[in-house]
Amino acid sequence: LNKPLELMILKMDKFRGNIVVSRKAISEVELKEQKENLLSSIKEGSVIKGKVKNITDYGAFIDLGGMDGLVHITDISWTKVNSPSEVINLGEDINVKVLKFDEELSRLSLGIKQLTENPWDNLDSDIEENSNVVAKINSINDTGINLLVNDKYDGVITLNEMTWLKKPPHPSKLASIKDTINVKIIELDNDKKKIYCSIKQTKDNP
């Protein structure tokens, strides 16, 4: 009440003495202007600020003011992410990089991880084959354990590298998510950007 608003007149009925006005119509004009300004200033490689509007299983939609863009789950972090909500929060203000811009569809593909250096371009000194490292368990499945090494590299322990037993138990019987464990690096896969690790090789073969 008593607050001035900018409105657009949609209809005037002099006979009834009515005027129909709209706030939505003004908002649409403002959004259109914002979108035009945004489209004129962005290009692939641009870094812009936005707000997290919606989070799904496959990524997050970012409101850039006038239009939305999508950050796919694989472009959120250099390491494996189980869910976008692990890294970003609804309503959060974040910087994003424009990866692809389709003018015809007005579709924007955005990235967050591209704002930082790819850790695989310059491996840490302790990341080398046959060295032992401490890693955190990220997830566990039927085929093995997924790790986070040095908080920035994806690691994996396959079933046959769990234990010296001929029939290893299910990985969940040996460790729990978020546990920190000592592992041996047995292979660096630059193509898949993955470190293959072993628990059993940190111990003597009984």
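Computed from a predicted model, the values in this text were never measured in an experiment. (Residues numbered from 1 in each chain as written. Predicted model: local features only at pLDDT ≥ 70, side-chain atom pairs only at ≥ 80, totals over all residues. Heavy atoms only, no water.)

**A word on the overall build of the protein chain**
And step 1. The number of helices and strands found in the protein chain is two helices and twelve strands.
And step 2. Helices and strands appear in the protein chain in the N-to-C order β-β-α-β-β-β-β-β-β-β-β-α-β-β.
And step 3. In terms of overall size, the protein chain is more extended than a compact globule, its C-alpha atoms giving a radius of gyration of 26 Å where 206 residues would be expected to give roughly 17 Å.
And step 4. Projected onto its principal axes, the C-alpha positions of the protein chain cover 100 × 35 × 30 Å.
And step 5. Looking at the 206 residues of the protein chain, the share that counts as buried comes to 34%.
And step 6. Approximately 13,500 Å² of the protein chain is accessible, and the part contributed by carbon and sulfur atoms is 48%.
And step 7. On the protein chain, the mean spot of the 29 positive side-chain charges and the mean spot of the 32 negative ones are 6 Å from each other. (Helix = DSSP H or I, 4+ residues; strand = E, 2+ residues; numbered from the N terminus. Rg over C-alpha atoms; globule rule 2.2 N^0.38 Å. Buried < 20%, exposed > 50% of the residue type's maximum accessible area, 1.4 Å probe, protein only. Areas by Shrake-Rupley, 256 points an atom, 1.4 Å probe, with all protein chains shown as cover. Lys, Arg positive; Asp, Glu negative; His and termini not counted. Charge placed at Lys NZ, Arg CZ, Asp CG, Glu CD.)

**As for the pairing of strand S7 (residues 107–111)**
For a regular strand, the rule is simple: side chains alternate between the two faces of the sheet.
And step 1. Relative to S7, strand S5 (residues 68–72) is paired through two bridges, and the arrangement is parallel. Counterpart to valine 71 in the pairing with S7 is leucine 110.
And step 2. One ladder, built from five bridges, connects strand S6 (residues 93–102) with S7; its direction is antiparallel. Bridge assignment links lysine 100 to a residue of S7, and that residue is serine 109. (Pairing = 2+ DSSP bridges.)

**Structural notes on the packing of aromatic side chains**
And step 1. Taken as a whole and assessed by the stated rule, the structure comprises two aromatic pairs.
And step 2. Taking 5.8 Å as the distance between ring centres and 90° as the angle between the ring planes, the aromatic pair formed by tryptophan 120 and tyrosine 153 counts as edge-to-face. Here tryptophan 120, found in the loop between S7 and strand S8 (132–141), pairs with tyrosine 153, found in strand S10 (residues 153–158); they are 33 residues apart in sequence, far enough to count as distant. Like tyrosine 153, tryptophan 120 is buried.
And step 3. A cation over an aromatic ring shows up here: lysine 200 above the ring of tryptophan 164, its NZ or CZ 4.7 Å from the ring centre. (Phe/Tyr/Trp six-rings, centres within 6.5 Å; stacked < 30°, edge-to-face > 60°. Lys NZ or Arg CZ within 6 Å of the ring centre and 35° of its normal.)

**Quick look at the side chain of glutamate 161**
And step 1. In this structure, glutamate 161 sits in the loop between S10 and helix H2 (171–174).
And step 2. Within the buried core, glutamate 161 has no salt-bridge partner, and the shortest N-O distance to an opposite charge, that of lysine 200, equals 4.6 Å.
And step 3. Dropping the residues within four chain positions of it, glutamate 161 is found in contact with Ile186, Cys197, Ser198, Ile199, Lys200 and Gln201. (Salt bridge = Lys/Arg side-chain N within 4 Å of Asp/Glu carboxyl O. Contact = heavy atoms within 4.5 Å.)

**Here's the deal with the sheet that holds S8**
And step 1. An order of S8-S9-S10-S12-S11 is seen for the five strands of this closed barrel, with the pairing classed as mixed. Across the sheet, the mean angle from the axis of one strand to that of its neighbour is 50°, orientation sign disregarded. (Axes fitted to C-alpha atoms, helices over the stretch in contact; angles between N-to-C directions.)

**Focus on the sheet that holds S6**
And step 1. Pairing is mixed in the closed barrel, where five strands are placed in the order S3-S4-S5-S7-S6. The mean angle between the axes of side-by-side strands here comes to 50°, regardless of whether they run parallel or antiparallel.

**Concerning unusual backbone geometry**
If a residue is not glycine, its phi is most likely negative; likewise, a peptide bond is most likely trans.
And step 1. In this model, lysine 178 sits at a positive phi of 80°, which is unusual for a non-glycine residue.
And step 2. Structurally, the position occupied by lysine 178 is in the loop between H2 and strand S11 (180–189).
And step 3. Phi at lysine 193 takes a positive value of approximately 55°, unusual for a residue other than glycine.
And step 4. You can see lysine 193 is positioned in the loop between S11 and strand S12 (194–198).

**Focus: a nonpolar patch on the surface**
And step 1. Together, Leu5, Leu7, Ile9, Met12, Ile19 and Val21 make up a nonpolar patch on the protein surface, roughly 580 Å² of accessible area in all.
And step 2. Mapped by element, the contributors of at least two residues to the nonpolar patch are strand S1 (8–13) and strand S2 (18–22).
And step 3. Here isoleucine 19 lies in strand S2. (Patch = residues over 30% accessible without salt bridge, like charges linked within 9 Å, V, L, I, M, F, W, Y side chains within 5 Å.)

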